[in-house]
Protein chains: 2
Amino acid sequence: MKIGIVGYGNLGKGVETAVSKNPDTQLAAIFTRRHTGTVTSKSGVPVLHVDEAANYRGKIDVMVLCGGSATDLPLQGPEFAKLFSTVDSFDTHAKIPEYFKKIDETARESGTLALISCGWDPGVFSLARALFSAVIPDGVDYTFWGKGVSQGHSDAIRRVDGVIDARQYTIPVEEALTAARGNQRPEFSTRQKHLRDCYVVAAMDANKEKIKEEIINMPNYFSDYDTTVTFISEEEMKEKHSALPHGGFVIRNGETDDGVTQVAELSLKLESNPQFTASVLLAYARAVYKMSSEGKTGAITVLDVPFGLLSHKSPEQLRKELL
Amino acid sequence: MKIGIVGYGNLGKGVETAVSKNPDTQLAAIFTRRHTGTVTSKSGVPVLHVDEAANYRGKIDVMVLCGGSATDLPLQGPEFAKLFSTVDSFDTHAKIPEYFKKIDETARESGTLALISCGWDPGVFSLARALFSAVIPDGVDYTFWGKGVSQGHSDAIRRVDGVIDARQYTIPVEEALTAARGNQRPEFSTRQKHLRDCYVVAAMDANKEKIKEEIINMPNYFSDYDTTVTFISEEEMKEKHSALPHGGFVIRNGETDDGVTQVAELSLKLESNPQFTASVLLAYARAVYKMSSEGKTGAITVLDVPFGLLSHKSPEQLRKELL
């Protein structure tokens, strides 16, 4: 299976690494919008300008789109679906129906297959919600995120006057996790579910008290949470906060009969969020390749893919090993 | 969707209850091998002899086979697949390939669709293993069972001379669970993973020390484990050990790159093992109904079913709610 990567940031690099862990996959080329002279790949695979992608039609089985949801994918998704079967991680929740529709039309017209909104949330977590709500129909869903770095919240802090760098960890509240697994099926406020733990490098002359107040009162991002702010040096930031861990919990708590509680839970503990997301994208690229080879076209999501297609193993082998 | 139940034990009763939690399903009839005069259903649905099932062809969309794997399903599986689309929980691991082949042939010839080996293990746990091994290909799988009642082990104790009743709980070892989620990917011996906790009602004149020795040294069942034996009264057995709780953990622990650990985990905490299994069977009966309506025939497993088909909701609604 020949893979192409579009976008060579953290996620694209993750896909490149994931290919090395999946012997049935092979990386054909990496495409970037940057000046290609400035970019060399870790694996030695050619890095080309996105405008050259059309020349690779027929030479790449699945193109993994690694751009962001805000500006890259709304353009690249439909554009690449004209030429290739694709997988992407589009995660702007409110715009998924519109994005799905557009990709579906393009892919059907072009005879390609495009799997959208893949990764871990949306993605693996969506699958857990789908399975759990089907097998425990009378129940309540809980999703907790973390402990992990939220890029959006880190960026929001960086925009505060006097802040040089920042890292924000989202942390699920232990008591809430425990309660979600119990017999009561409680409702939680935003504040009860997650803590926000911030590490900030301030400018030499900055007013730290003012920065702290501005962070913890920031609407949408922090004002609804219990937030801690710790000022650290640039060195400490680099040394202790360079990784991008993440994870979380999907819990379904319900009853199959009066007073008979059933709890299902899926959790992820990820030392690298982008590498795990990339690894999920590659597994689904395999499924897209198989389904596309059987003539399937249009847009699909993780909810349309049987798990047997995610593996390089035969159905017989999977039944023998997994059932 | 009209459902039939074959076998009215704990599992069959669980399916009957599950139907009441799934408004798009309707119970048409229950079939039993027993003398039908002696059996009345909780829901008031007719209880008929299995020999009458053929008369219900066309009146039942999916037949849920609730017999045991040892003697019932090897006969009933192929027999019912001749007449109906079916779902069953066949779990004799070593015989699954043979069973699959037989059912597949019968169902193809008969134009029916039969989903075999469904429930939670095999079933939900198989799905977790499939997904996790696809998205973390370089890793190790751990499965832990419990805390829960093992019927097989309880039965084994009941066969010991002087034992009137027994209940055996399989309990995962906390330290092993913690280690399985850590950075070392340890190998465990059988003894290191699970404890066996036994509650025994002995006959008045029985030699309890002898019973205890016989249990803890029983090959295959107990000799490889740390086993505790507690003698209790019949009243206490009835009062404290009548429920059939179970559950467990599937953990995949691996790396997406050197030294980058990723851990995925699915766990179930079930107050009623048969009710949960039944609820899973019914969700898959829905998928069988949909796939069969689209012309699919033969034998399939949970690995062949996209999660979108498990729900009564439309694909649009699922994408909106779950992604």
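In this text the structure is predicted, and so the values were computed from the model without any measurement. (Residues numbered from 1 in each chain as written. Chains lettered and ligands numbered in written order. Predicted model: local features only at pLDDT ≥ 70, side-chain atom pairs only at ≥ 80, totals over all residues. Heavy atoms only, no water.)

**Focus on the relation of the copies chain A and chain B**
Applying a rotation about an axis and a shift along it to one chain copy brings it onto the other copy.
Piece 1. With an RMSD of 0.0 Å, the operation that places chain A on chain B is a rotation of 180° combined with a shift of 0.0 Å along the axis. Overall, the copies show the geometry of a two-fold rotation axis.
Piece 2. The overlap is high: 100% of the interface residues of chain A also sit at the interface in chain B, so the same surface is used on both sides. (Least-squares fit on C-alpha atoms with pLDDT ≥ 70 in both. Contact = heavy atoms within 4.5 Å.)

**Some remarks on the pattern of salt bridges**
Piece 1. The full count for this structure, using the stated rule, is 34 salt bridges over all chains.
Piece 2. Notably, a salt bridge pairs arginine 129 of chain A with aspartate 121 of chain A, separated by 3.0 Å at the nearest N-O pair.
Piece 3. Using a relative accessible area of 10% as the deciding quantity, one classes arginine 129 of chain A as buried.
Piece 4. Residue aspartate 141 of chain B pairs with arginine 252 of chain B through a salt bridge whose shortest N-O separation is 3.3 Å. In this pair, aspartate 141 of chain B is assigned in strand 7 (residues 139-145) and arginine 252 of chain B in strand 12 (residues 246-257), connecting sequence segments 111 residues apart.
Piece 5. A network of salt bridges, in which partner residues are shared, links Asp155, Arg158, Asp165 and Arg167 of chain A. (Salt bridge = Lys/Arg side-chain N within 4 Å of Asp/Glu carboxyl O. Buried < 20%, exposed > 50% of the residue type's maximum accessible area, 1.4 Å probe, protein only. Helix = DSSP H or I, 4+ residues; strand = E, 2+ residues; numbered from the N terminus.)

**Focus on the interface of chain A and chain B**
Piece 1. Every contact between the two is made by 60 residues of chain A and, on the other side, 60 residues of chain B.
Piece 2. Of the roughly 5,500 Å² buried between chain A and chain B on both sides combined, carbon and sulfur atoms contribute 61%.
Piece 3. Connecting chain A to chain B are four salt bridges.
Piece 4. Where lysine 42 of chain A meets aspartate 257 of chain B, a salt bridge forms, and the shortest distance between an N and an O atom there is 3.7 Å.
Piece 5. Where chain A packs against chain B, one counts 31 residue pairs in polar contact (both at pLDDT 80 or more).
Piece 6. Elements with a minimum of two residues in the side of chain A that touches chain B: helix 3 (96-110), helix 4 (124-135), strand 12 (246-257), strand 13 (260-270), helix 10 (273-293) and helix 11 (315-322) of chain A. (Buried area = accessible area lost by both parts, 1.4 Å probe. Polar contact = N/O pair within 3.5 Å; in protein donor to acceptor, adjacent residues only side chain to side chain.)

**Section: the sheet that holds strand 10 (residues 194-202) of chain B**
Residue and element names in this part refer to chain B.
Piece 1. An order of 8-9-10-11 is seen for the four strands of this open sheet, with the pairing classed as mixed. In this open sheet, the two edge strands, each paired with only one partner strand, are strand 8 (148-149) and strand 11 (226-231).
Piece 2. Strand direction decides the pairing type here: strand 10 and strand 11, joined by six bridges, are parallel. Each bridged residue has a counterpart across the sheet, and for leucine 195 the counterpart in strand 11 is aspartate 226. (Pairing = 2+ DSSP bridges.)

**Comments concerning empty space enclosed by the protein**
Where empty space is left becomes clear once a probe the size of a water molecule has been rolled over the atoms.
Piece 1. Taken as a whole and assessed by the stated rule, the structure comprises three cavities of 30 Å³ or more.
Piece 2. Of the pockets and cavities examined, the largest cavity occupies roughly 70 Å³.
Piece 3. Together, 13 residues line the largest cavity, and Leu131 and Leu266 of chain A together with Leu131, Leu266 and Phe307 of chain B are the ones closest to its centre.
Piece 4. Elements with a minimum of two residues in the lining of the largest cavity: helix 4 of chain A together with helix 4 (124-135) of chain B.
Piece 5. The residue makeup of the lining of the largest cavity, split by class, is 13 nonpolar, no polar and no charged.
Piece 6. Roughly 50 Å³ of internal volume is contained in the second largest cavity.
Piece 7. Surrounding the second largest cavity, Val135, Ile136, Pro137, Glu255 and Thr256 of chain A together with Gly14, Thr17, Ala18, Lys21, Gln275 and Ser279 of chain B form its lining.
Piece 8. Per-class residue counts for the lining of the second largest cavity are four nonpolar, five polar and two charged. (1 Å grid on protein atoms, 1.4 Å probe; cavity = no way out; pocket = protein on both sides within 12 Å on 5 of 7 lines; lining within 4 Å. Points joined across faces, edges and corners; volume = space filled by probe spheres on them. Nonpolar A, V, L, I, M, F, W, Y, C, P; charged D, E, K, R; others polar.)

**Some remarks on unusual backbone geometry**
Note on backbone geometry: most residues besides glycine have negative phi, and most peptide bonds are trans.
All names here are of chain A.
Piece 1. Between aspartate 121 and proline 122 the backbone carries a cis peptide bond, its omega angle lying at 5°.
Piece 2. Tracing the sequence through the fold places proline 122 in the loop between strand 6 (113-115) and helix 4.
Piece 3. The peptide bond linking glycine 146 to lysine 147 adopts the cis configuration, its omega dihedral lying at 0°.
Piece 4. Summarising the element assignment, lysine 147 is placed in the loop between strand 7 (139-145) and strand 8 (148-149).
Piece 5. Not every positive phi belongs to a glycine, and serine 117 is a case in point at roughly 60°.
Piece 6. Along the polypeptide, serine 117 turns up in the loop between strand 6 and helix 4.
Piece 7. Its identity is not glycine, yet asparagine 220 carries a phi of approximately 65°, on the positive side.
Piece 8. With respect to the helices, strands and loops of the structure, asparagine 220 is situated in the loop between helix 8 (208-216) and strand 11 (226-231).
Piece 9. Among the residues examined, asparagine 220 registers a relative accessible area of 71% and is labelled exposed.

Geometric descriptors of this kind do not, in isolation, establish any biological role.
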